[in-house]
Amino acid sequence: RSQLRPVFADWVTASKVMLLLLSLFPLVHGGKFMEIEGVSAAPGTSFGDSLTGNAASCQDACDKEMSCDCALFDPLHGSCKMQADCLYFHPDYEGGGNLELYIKLPPHSWPFSVFPGTNANRDGQDVTVDKKGMTEQDCVDLCYQSTDCQCAVLLTKDRWSSADDHCWLQSKCHPEGFKQMNHAQEYITFVKDPKFGGFYETGSGSPVMLIICLVLVLLLFVVVTALVLYYMRNKGRAYRAILQDLAVPKEENSRKEYAKEQLLSSFSRKSGVGYLSSLELALEAKVRNSDIPCVYSLHKVPETFKAPQIDTSVTNLKVQLCFVLDYTGSMKTQIAQAKDSVSKIIEAMKKVKVVSLPNAAIDVEMAAVAYFDWDTETRKLGRPVVSVFGGSEVKEEHSDTLTPDKFRQLGGVWTKDTKALEKWIDQGLGHGGKVPEELTGALLAAASLKWNADEKLMVVITDAPCHGKDYSTVEHDSFCDKSTGLTCTGRPEEPLQSLMAQGVTTVILHTGEAAAVSMCKKLQQTDPKLIHEKVSPSQTAQKVVSVLESKVQVQPLTYILKPLRLPDEAPTSALICETVVATGPDLATNTSIEVEASGKKESMMVGSDGLLFLGTNTSNPKVTLNRPAMSGLDQWFDSNSDQVELDRIFDAEKSYLLKVPIKSQAES
């Protein structure tokens, strides 16, 4: 597991990446073109196929092609032809057409608008006298460096020699009046472009410019280095910085010992960030879970932190209960017990008296969802994949074209007719194929029922996990995705979140198989209030009544103790500590916890960061929460929670509920 480790091991690799990035800079484009309209033809050597697009894409294609000197664009047909051997300083073309000619200009002319065959002497005012023997580069450099110069006029009698070149710098130039003249074919005028905002390098041999260029390259190298390191730390999933990794021993046993030392060091400092950094290394080095000190974050369940209100005017309390039943081959006894539980639950709930609603009768209505799997044997038996009481079913073969919406549209009804529901539950079993079953499809159907009661409960009865390799390590069927183990219904967290949003409490009653327990622990990360328990078939009705009764009564003040663990996805925040320190209104801070372990009792404090640094123990610690005083709640609830036994061995998947019960005198 290297979820938050850097993707690069050392600076050598990082340097290679930076050099690769720097090597791409010469490929950056952004040249400038001279535009001539009304062209019918232009000389030059055409190459490549005609391109389609607009004028901008035509210029961009020529800009990216090093051998392209000009591009001839046909606006009527949207076609573009690239050519070589075009001369910007003496463009030769035929007029009288509707084509547009774009001639590529050299970089030194980019800060200027270029007018070949034009003499600006009559339009401007000389800034300098005639400069003889100057190259084109020198001439435009002088103009660019002069604040008074608006244009530079160059006269070249022999393009292959700079001996007879003449250069004039002028102000008050008026390029809108420039026209090509037969007697001025050897002239070319460069007019400063006030909109030019790029980098312009004057000359080629200036020591000052060389120093500036070297400084800029060095600065660029530093910036790229910083970006690469930022990527490796944050985007590359690194709680551990690269410099930390350089000190990690390579030898296996030394690596383990180093990881354990780092864990103990961060634990003693009570550093959440340091703990996660060391935990990442410890898991990678395969440090035993028993050697990892346990750290938890403490959270409130907000909806339980409200003072009960006695209401004698309410005479009816509506409760909805939906069974989600696994109908694969091994579930015969459990299904029979679920059927027998229907009437027992109704009768038991009629006798329940609600503390806060003393005059209310409990009105229970039920629904049910049956789920099987996509295997061939189940299909041969004529059984569906998912079926809903009072609704429809899915019986198709598995296909990637099926979507979760198929299961959301199965409908279903609530009923008080126990006989009708018992008859529907008493249906044939399927086969099931491999161990995982299509629970996710059933959850999608259940989440789409019309939940509108005062209290809502969904009870899953199963002996197997859902599809997905994140939920168990058992073998999956061939119709599942090879990498994820999922089916077309997706991940179960999506319908579980929908049920949570509707206020539905989820209970999973299973037979204790390790794969089913693993799934439940994983789902508890999404819904910490999810209840899962190993229950024998004969205890089904009793357990459901117990959960239902606790639902309708005054809820205890509930806290959740979550293990501080590595997240499933990489942190994206620029500040790593934002992904570590718990925040929000549900965070429980500055709370006392009594810990009993190995025959000793100790009082610990949950700090302002919401973290409890519990450590390692030789026996399972038992914890009791001492809640702080709370106005409006003290008269109803005890000061201490019920004692809960924690696992002494680090388990990143296991959370615990700490419940502060209602006072006995308040209940009476």
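Everything numeric in this text was worked out from a predicted model, so none of it was measured. (Residues numbered from 1 in each chain as written. Predicted model: local features only at pLDDT ≥ 70, side-chain atom pairs only at ≥ 80, totals over all residues. Heavy atoms only, no water.)

Q: With reference to specific residues and values, describe helix H11 (residues 418-425).
A: Taken together, the buried positions of H11 are occupied by Thr-418, Leu-421, Glu-422, Trp-424 and Ile-425. The buried side chains of H11 occupy one side of the element, clustering within an arc of 160 degrees when seen end-on. Pointing more than 90 degrees away from the buried face of H11 are the exposed residues Lys-419 and Lys-423. If you follow the buried residues of H11, they end up packed against strand S13 (316-326), helix H8 (332-350), strand S14 (361-371) and strand S15 (386-388). (Buried < 20%, exposed > 50% of the residue type's maximum accessible area, 1.4 Å probe, protein only. Helix = DSSP H or I, 4+ residues; strand = E, 2+ residues; numbered from the N terminus. Arc of directions from axis to C-beta. Contact = heavy atoms within 4.5 Å.)

Q: Which residues make up the state of the cysteines, and what are the values?
A: Evaluation of the coordinates by the stated rule reveals five disulfides. The side chain of Cys-139 participates in a disulfide bridge whose partner is Cys-167; the two sulfur atoms lie 2.1 Å from each other. Taking the torsion about the S-S bond as the criterion, the Cys-139 to Cys-167 disulfide, at about 75 degrees, is right-handed. Of this pair, Cys-139 sits in helix H3 (residues 136-145) while Cys-167 sits in strand S10 (residues 166-171), and the two are 28 residues apart along the sequence. Under the relative-accessibility criterion, Cys-167 is labelled buried at 0%. (Disulfide = S-S within 2.5 Å.)

Q: I'd like a rundown of the pattern of salt bridges, residues and numbers included.
A: Under the counting rule described, the total for this entry stands at 24 salt bridges. As a salt-bridge pair, Glu-347 and Lys-350 come within 3.5 Å of each other at their nearest N and O atoms. In this pair, Glu-347 and Lys-350 both sit in helix H8, three residues apart, roughly one turn of the helix. A relative accessible area of 43% means that Glu-347 is categorised as partly exposed. The class for Lys-350 is exposed, based on a relative accessible area of 54%. Taking the shortest distance from any N to any O, the salt bridge between Arg-491 and Asp-470 comes out at 3.0 Å. Highlighted residues: Arg-491 in the loop between strand S17 (455-461) and helix H13 (493-501) and Asp-470 in the loop between S17 and H13, separated in sequence by 21 residues. Among the residues examined, Arg-491 registers a relative accessible area of 35% and is labelled partly exposed. Residue classification places Asp-470 among the partly exposed residues on the basis of a relative accessible area of 45%. Beyond isolated ion pairs, a larger network of salt bridges with shared partners links Glu-257, Lys-260, Arg-288 and Asp-291. (Salt bridge = Lys/Arg side-chain N within 4 Å of Asp/Glu carboxyl O.)

Q: Give a detailed account of the sheet that holds strand S5 (residues 94-104), specifying residues and quantitative values.
A: The five strands lie next to each other as S1-S5-S3-S4-S2, forming an open sheet whose pairing is antiparallel. With partners counted over all chains shown, the strands left at the sheet margins are strand S1 (33-41) and strand S2 (45-52), one partner each. Adjacent strand axes in the sheet meet at a mean angle of 30 degrees, parallel and antiparallel pairs treated alike. (Pairing = 2+ DSSP bridges. Axes fitted to C-alpha atoms, helices over the stretch in contact; angles between N-to-C directions.)

Q: Would you mind going over helix H7 (residues 272-284) in detail, with residue names and values included?
A: The first and last C-alpha atoms of H7 sit 18 Å apart over 13 residues, in line with the 18 Å expected at 1.5 Å per residue. Here H7 lies mainly inside the structure; ten of its 13 residues are buried. Turning to H7, its buried residues are Gly-272, Gly-274, Tyr-275, Leu-276, Ser-277, Ser-278, Leu-279, Glu-280, Leu-281 and Ala-282. Capping of H7 at its N-terminal end is provided by Ser-271; its side-chain oxygen lies 3.0 Å from the backbone amide nitrogen of Gly-274. Lys-286 lies just past H7 and shows a positive phi near 60 degrees. (Expected span 1.5 Å × (residues − 1). Polar contact = N/O pair within 3.5 Å; in protein donor to acceptor, adjacent residues only side chain to side chain.)

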